[in-house]
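What follows is each chain in one-letter form.
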Amino acid sequence: MSSQQKFVYSFTEGNKDLKDLLGGKGANLAEMTNLGLPVPPGFTITTEACKVFLETGTEPASLHEEISAHLDALEQEMGKKLGQADNPLLVSVRSGAKFSMPGMMDTVLNIGLSDASVAGLVAQSGNERFAWDSYRRLVQMFGKTVLGVDGELFEEALDEAKHAKGTVNDLDLDASDLRELVEVFKGIVERETGRAFPQDPREQMDLAVHAVFHSWNGDRARLYRRQERIPNDLGTAVNVCSMVFGNLGEDSGTGVAFTRDPSTGAVGVYGDYLSNAQGEDVVAGIRNTLPLSELEKLDKSSYDELMAIMQKLENHYRDLCDIEFTIERGKLWMLQTRVGKRTAAAAFRIAVQLVDQGLIDLDEALMRVTGGQLSQLMFPRFAPDSASKQIAWGLAASPGAAIGKIVFDSYTAVKWSRSGEKVILVRRETNPDDLDGMIAAEGILTSRGGKTSHAAVVARGMGKTCVCGAEELEVDTKRRRMTTSDGLVLEEGDIVSIDGATGKVYLGEVPVLPSPVVEYFEGTLHAGADVQGGLVQAVHRLMSHADGRRRLAVRANADNSEDGGRARRYGAQGIGLCRTEHMFLGEERRKEVEHLILADNDKDRELALSTLLPMQKGDFVELFQAMDGLPVTVRLLDPPLHEFLPDITELSVRVALAEARRDPNENDLRLLQAVHKLHEQNPMLGLRGVRLGLVIPGLFGMQVRAIAEAAAERKLAGGDPRPEVMIPLVGTVQELELVRDECERVLAEVAQSTGVQLDIKLGTMIELPRAAVTAGQIAEAAEFFSFGTNDLTQTVWGFSRDDVEASFFTAYLEKGIFGVSPFETIDRDGVGSLVKHAVEAGRATRPDLKLGVCGEHGGDPESVHFFHEVGLDYVSCSPFRIPVARLEAGRAAIETAGSDSR
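The rules behind these values
Residues numbered from 1 in each chain as written. Predicted model: local features only at pLDDT ≥ 70, side-chain atom pairs only at ≥ 80, totals over all residues. Heavy atoms only, no water. Phe/Tyr/Trp six-rings, centres within 6.5 Å; stacked < 30°, edge-to-face > 60°. Helix = DSSP H or I, 4+ residues; strand = E, 2+ residues; numbered from the N terminus. Lys NZ or Arg CZ within 6 Å of the ring centre and 35° of its normal. 1 Å grid on protein atoms, 1.4 Å probe; cavity = no way out; pocket = protein on both sides within 12 Å on 5 of 7 lines; lining within 4 Å. Points joined across faces, edges and corners; volume = space filled by probe spheres on them. Nonpolar A, V, L, I, M, F, W, Y, C, P; charged D, E, K, R; others polar. Expected span 1.5 Å × (residues − 1). Contact = heavy atoms within 4.5 Å. Pairing = 2+ DSSP bridges. Axes fitted to C-alpha atoms, helices over the stretch in contact; angles between N-to-C directions.

**Student:** Is there a simple way to explain the packing of aromatic side chains in this structure?
**Tutor:** The description of an aromatic ring pair rests on the distance of the ring centres and on the angle between the ring planes. This model, assessed by the stated rule, comprises 25 aromatic pairs. With centroids separated by 5.2 Å and ring planes inclined at 15°, the aromatic side chains of tryptophan 797 and phenylalanine 799 adopt a geometry described as stacked. Seen in terms of ring centroids, phenylalanine 799 and phenylalanine 809 are 5.4 Å apart; in terms of plane orientation they differ by 70°. Their pairing is edge-to-face. One end of the pair, phenylalanine 799, is in the loop between helix 31 (789-797) and helix 32 (801-807); the other, phenylalanine 809, is in helix 33 (residues 809-814), with 10 residues separating them in the sequence. An aromatic cluster is built from Trp797, Phe799, Phe808, Phe809, Tyr812, Phe818 and Phe823, whose rings are joined through pairwise contacts. Here the guanidinium or amino end of lysine 6 rests over the ring plane of tyrosine 9, the centre of that ring lying 4.8 Å away. Arginine 555 extends its terminal NZ or CZ atom over the ring of tyrosine 874, reaching a point 3.9 Å from the ring centre.

Structure, rendered in structure tokens:
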């Protein structure tokens, strides 16, 4: 890398479009500076410098000199020098990646304070308590963040100081108390690290910069990136900003504000404020905050200026903005802005509101919401008339209805969750080290903190239910219990229900109701109802626009008329996968399949097939009626036959017991022989799919006859059935040709016997690597392909899904081998490349080849975008994922149009 590369930018040099280089925080600080807003001067060290540092273990050769030049310029502008004894310049060193990662990386405030300069800060501020409090904070943050000292040691020392003073409030500690506490903190640093707390201000700054670089690869940052699917190679920028102080007295303070409510999307004044505090006090939730509206009473001038700035920023960014600010002796300073994290409900409402305000169009509004958010809106909610006992009421920080056993630390949350328990993580306040537990829990409950606390911000970003600041609860993490205001004690393992939409906490399990968004899709919502402040109307508008924009059709995986009807209500444009094996379930039908398996001559086999035929036909008549006018792709029998037989262990015991009683059951003996005969070491790669149709004469013919006769019956009744026959697990065109010949013969016989002309397409699933590679040949005999990406993923990776997900997937995810499970999101490089090849080869042979996907990837948001890109005609997924697929198909079309225009 060239030594001439620029690694440091002043806040006056960047803009909001340089997030890749300056990180989100640095780019937005530069943007606010450009807008003329009151931003403390400073500079940003780029993500490129971080990448060099992480790759080589040392900073770029020119970085120290560049930092010195910008520090000199900052000192000139401020009229004071970093850490000088009589008039010290103090700075903050803060992380700032391209994508917001709240609390996941490191920040150090008050860099430049030392034994020498603290007296200068006393003289500069005229406030001895403030100066020693600032020094105390520096030693604590620097010790924990930069030097790796256990943060609990500082917290315990602080608690001891407050206890000695007879208080629980930091503000009751005076200058003398804080001076003593600084000495205690410095002693902790020296004892734990073997070195004294650094007194050279430049050394402090350089070490803090390196600590921020290192924090990019910290455990909690890696975990958060994995959870949010943020790439690992971006690196973080570092922002060095001149300090402004909210802890100078009652005319100072710090806060976090949102231009709209991040929980609901409602327009108004939202945020938290703390007088006489620094920024971490608000976010950490250590002290319960005041609502932002209270600032108007405390400092109307600063409040009015803040409101004007918030409006300016929202109009400029054309979105909800999250703002951090400090007031220093009546002077307002802007420390950060970013497009704010929000709940799913807020995302939909805000997107539509901004359209109505003329700030964005419907295309951009659709790109502001995601299928994942829509999925969250389809979760159930608590019944409003429940008789459950309410035990607390906190702040509604992140909506949802969460029920689980209470646990009091992250480790237990993860452990219990992995054993199948649903848990609620209860803390006084969360911190970044709780991320594992927050991910594992159904919901988060804290007794401290506001809507901008760590718990609230992270929960909203993850779509987790969260109630914060439930002050009526006394949380005792050491004794693993919490106590309500009326003396009720809840031990770890007791069940509570938390309502993130209202902030209410209930004892026990509260009944749940369907989401109004689900009721909207089901068609059971009262017409014209203004549910939840226009949420349903917002969903309707954006779904309608998505349907108008998308190219991909969306079908359902459905096996019966009930599922088909639901899929149709959810907006399905047909059935992409009807699994006929599900039609053989039930005692009576299973018995008939047993007869087919046990048949050892043509007569018995034909008798068994003739018995199954009317059952299959009846199922198809119902299904075609439910899906009248829409395509229905019917997959012929796919699973190994042993799945229709009794369990070998259970059957062996039954036979042994009968023999012991000297009363053998002839049928059980024959079944046991059949089970042994059909036993395979790896049945998923054995006698199944097309192989069954070729080995068991008449099996596929019976199924095709049932489909054809059902279609003919529906046509004669005035219906419009549109069945398609799909042959599974084809690996070579010869297999498909043999089965196709049989299918065409049966279809011709049914057409002749009923007098009904049938147009039934014949196609295949592409679910084996060989099928994908030879797709050009297979297309000669297939009128459509449907990619079975579940089995294709198994066979490409060499995975047995049921085994590997339980045995080593967790380790693979933790080690970064997977960013996400390939069964959840399509593996673009491996499985995806085969799909792309098969699409191109198939259409080269047959240009009108219809192409779809019927694995569960068809309902995964990211995968839908891939299927749009490679040119599939439709995706098919479970009925409940259809709205998500519709939304993402619309977003994929807009995204492609945008990239094409560029």
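**Student:** When you look at the layout of surface pockets in this model, what are you seeing that I'm missing?
**Tutor:** Computed from the structure, the second largest pocket encloses a volume of approximately 890 Å³. Asp638, Met684, Arg688, Asp791 and Gln794 are the residues nearest the centre of the second largest pocket, which is lined by 37 residues in total. If you list the elements that add at least two residues to the lining of the second largest pocket, you get strand 27 (575-579), helix 31 and helix 32. Counting residues per element, the lining of the second largest pocket draws most heavily on helix 31, which supplies 5 residues. Looking at the lining of the second largest pocket, its residues break down into 13 nonpolar, 11 polar and 13 charged.

**Student:** Would you explain helix 28 (residues 733-754) in this entry?
**Tutor:** Since the α-helix packs 3.6 residues into each turn, any two residues three or four apart lie on the same face. A rise of 1.5 Å per residue sets the reference length of helix 28, with its 22 residues, at 32 Å; its end C-alpha atoms lie 31 Å apart and thus fit the reference within 8%. Where helix 28 is buried, its residues contact helix 26 (690-695), helix 27 (699-716), strand 29 (722-727), strand 30 (761-766) and helix 30 (775-778). Just downstream of helix 28, glycine 755 is the residue with a positive phi angle, here 75°.

**Student:** What am I meant to see in the sheet that holds strand 23 (residues 495-499) here?
**Tutor:** Pairing is mixed in the open sheet, where 8 strands are placed in the order 14-24-23-16-17-18-19-15. The open sheet has two edge strands, strand 14 (390-393) and strand 15 (395-398), and neither has a second partner. Adjacent strand axes in the sheet meet at a mean angle of 30° when their direction is disregarded. Summarising the sheet, strand 17 (residues 423-427) and strand 18 (residues 443-446) pair through 4 bridges and their orientation is parallel. When the bridges of strand 18 are listed, arginine 427 appears paired with threonine 446.

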